[in-house]
Amino acid sequence: MISITVAQLEIWIASVIYPLARILAVAASAPFLSNTALPRRIRLMLGLALALAIVPILPPMPNVPPNSGMGLWILAQQILIGVGMGLSMRIVFTAVDMGSAVVAFQMGLGFANFYDPQNTSQTSVVSNFMTLIATLLFISMNGHLIYFAVIAQSFTAIPISITPLQASSWEFLALLGSRIFSTGVLLALPIVVMMMCCNLSLGVLNRVAPQLHLFAIGFPVTLMLGFVSLALMMSYLVVPLERIFNEGLSAMLAFALPPMPQAPQPLLPGIPELP
């Protein structure tokens, strides 16, 4: 007769519940996985399947019962680590959204907003289009599979323990947030320069021939030029977006690794490069 003690049962539960908490926290905060179009049951089943798959290769777990005070502390730590990892990757997509908002403003489509159920906020049409392009590009590069590789490697880089996260981890996350503006402006810079040249030309033409009523024809011209510039820029977005995705995936692990890096480093060893 097989007998199972309470201690053995607690060890089995702890070996699954701690990784599951981190995985579900990543799924709840990371882009693509936290999409509202993905049902919660599917996310729960996906997290549970991933946790059961990687449990045999995980480092030794702390011998702490999950129903104790220290066990709850470890559980809270895993949730914080998972949320931090997810936010590190979400910053990448927020930078794309930021650049798209600048492009929409320069094109004169800053007022063309609609309610986005995925972000539960008002989003410009251009931002929604660029975010969709970035998501499709991320999936085409097998980014969703690299997500799972990064999550599995995080348990080796950031082991499950009672050691709390350092203040440098949250400082790194705050400094990473500044890249929203720098990366967004760099993505939008070609169209910004193009639209600046167009506005300067219209301004000079308005001074030379004020009877042309450029206020009436200026908006169609800038709108058409903006769409043409956006279409031309699509062919060159792969390389910068691939670099941004790599930085975001690397930051998912660098978030809780001391010492704090000043900027996202190249992908850590063991993380497959995007093709």
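Before reading on, note that the structure itself is shown above.
About the thresholds
- Residues numbered from 1 in each chain as written.
- Predicted model: local features only at pLDDT ≥ 70, side-chain atom pairs only at ≥ 80, totals over all residues.
- Heavy atoms only, no water.
- Salt bridge = Lys/Arg side-chain N within 4 Å of Asp/Glu carboxyl O.
- Helix = DSSP H or I, 4+ residues; strand = E, 2+ residues; numbered from the N terminus.
- Buried < 20%, exposed > 50% of the residue type's maximum accessible area, 1.4 Å probe, protein only.
- Polar contact = N/O pair within 3.5 Å; in protein donor to acceptor, adjacent residues only side chain to side chain.
- Expected span 1.5 Å × (residues − 1).
- Arc of directions from axis to C-beta.
- Core = buried A, V, L, I, M, F, W, Y, C linked by side-chain atoms within 4.5 Å.
- Contact = heavy atoms within 4.5 Å.
- Patch = residues over 30% accessible without salt bridge, like charges linked within 9 Å, V, L, I, M, F, W, Y side chains within 5 Å.
- Areas by Shrake-Rupley, 256 points an atom, 1.4 Å probe, with all protein chains shown as cover.

Participant: Honestly, the pattern of salt bridges in this entry has me stumped. Any pointers?
Facilitator: Where side chains of opposite charge bring their charged atoms close, a pairing between them can arise. Inspection of every chain in the model, using the stated rule, returns one salt bridge. Between Arg 243 and Glu 247 there is a salt bridge, with the nearest N and O atoms lying 3.7 Å from each other. A residue pair is termed a helical-turn pair when its members lie 3 or 4 positions apart in one helix, as Arg 243 and Glu 247 do in helix H9 (residues 238-254) at four residues.

Participant: Explain the environment of Ser 178 to me, please; I cannot follow it from the model alone.
Facilitator: By the element assignment, Ser 178 lies in the loop between helix H6 (167-177) and helix H7 (179-208). By relative accessible area, Ser 178 is classed as partly exposed at 44%. In sequence terms Ser 178 and Ile 91 are 87 residues apart; their C-alpha atoms lie 9.2 Å from each other. A distance of 2.5 Å separates a polar side-chain atom of Ser 178 from the backbone oxygen of Leu 175.

Participant: I would appreciate a short explanation of helix H2 (residues 40-54) in the present structure.
Facilitator: Between its first and last C-alpha atoms H2 spans 21 Å; for 15 residues at 1.5 Å apiece the expected length is 21 Å, and the two agree. Buried within H2 we find Arg 43, Gly 47, Leu 50, Ala 51 and Ile 54. Buried positions in H2, seen along its axis, are confined to an arc of 100° and lie on one side of it. What points out from H2, more than 90 degrees from its buried face, is the exposed set Arg 41, Met 45, Leu 52 and Ala 53.

Participant: What is the right way to read the side chain of Ser 154 from this model?
Facilitator: Tracing the backbone through its elements, the reader meets Ser 154 in helix H5 (residues 143-157). Relative accessible area serves as the criterion here: at 0%, Ser 154 is assigned to the buried category.

Participant: In this structure, what is going on with H9? I would like to understand it.
Facilitator: Because each turn of an α-helix spans 3.6 residues, side chains separated by three or four positions in sequence point in the same direction. The first and last C-alpha atoms of H9 sit 24 Å apart over 17 residues, in line with the 24 Å expected at 1.5 Å per residue. The buried fraction of H9 is high, at 12 of 17 residues. Of the residues making up H9, those classed as buried are Leu 241, Ile 244, Phe 245, Asn 246, Glu 247, Gly 248, Leu 249, Ser 250, Ala 251, Met 252, Leu 253 and Ala 254.

Participant: For this particular structure, what's the right way to read the environment of Asn 199?
Facilitator: Summarising the element assignment, Asn 199 is placed in helix H7. On a C-alpha basis, the gap between Asn 199 and Thr 222 in space is 7.8 Å, while along the polypeptide they are 23 residues apart.

Participant: Honestly, the nonpolar core in this entry has me stumped. Any pointers?
Facilitator: The nonpolar side chains of soluble globular proteins are, as a tendency, buried together. In terms of nonpolar packing, the biggest core is built from 61 residues, with Met 89, Tyr 147, Leu 241, Phe 245 and Met 252 touching the most fellow members. In contact with Met 252, other than residues within four places in its own chain, are Val 26, Met 85, Ser 88, Met 89, Tyr 147 and Val 150.

Participant: Explain unusual backbone geometry here, please?
Facilitator: Apart from glycine, the bulk of residues carry a negative phi angle, and the bulk of peptide bonds sit in the trans form. Located in the positive-phi region is Asn 142, a residue other than glycine, with phi close to 60°. With respect to the helices, strands and loops of the structure, Asn 142 is situated in the loop between helix H4 (125-140) and H5.

Participant: When you look at a nonpolar patch on the surface in this model, what are you seeing that I'm missing?
Facilitator: On the surface, a nonpolar cluster with roughly 470 Å² of combined accessible area is contributed by Leu 9, Ile 11, Trp 12, Ile 13 and Ile 17. Looking at the element boundaries, Ile 11 is found in helix H1 (residues 6-29).

Note that every value here comes from positions in space, so none of it alone points to a role or purpose.
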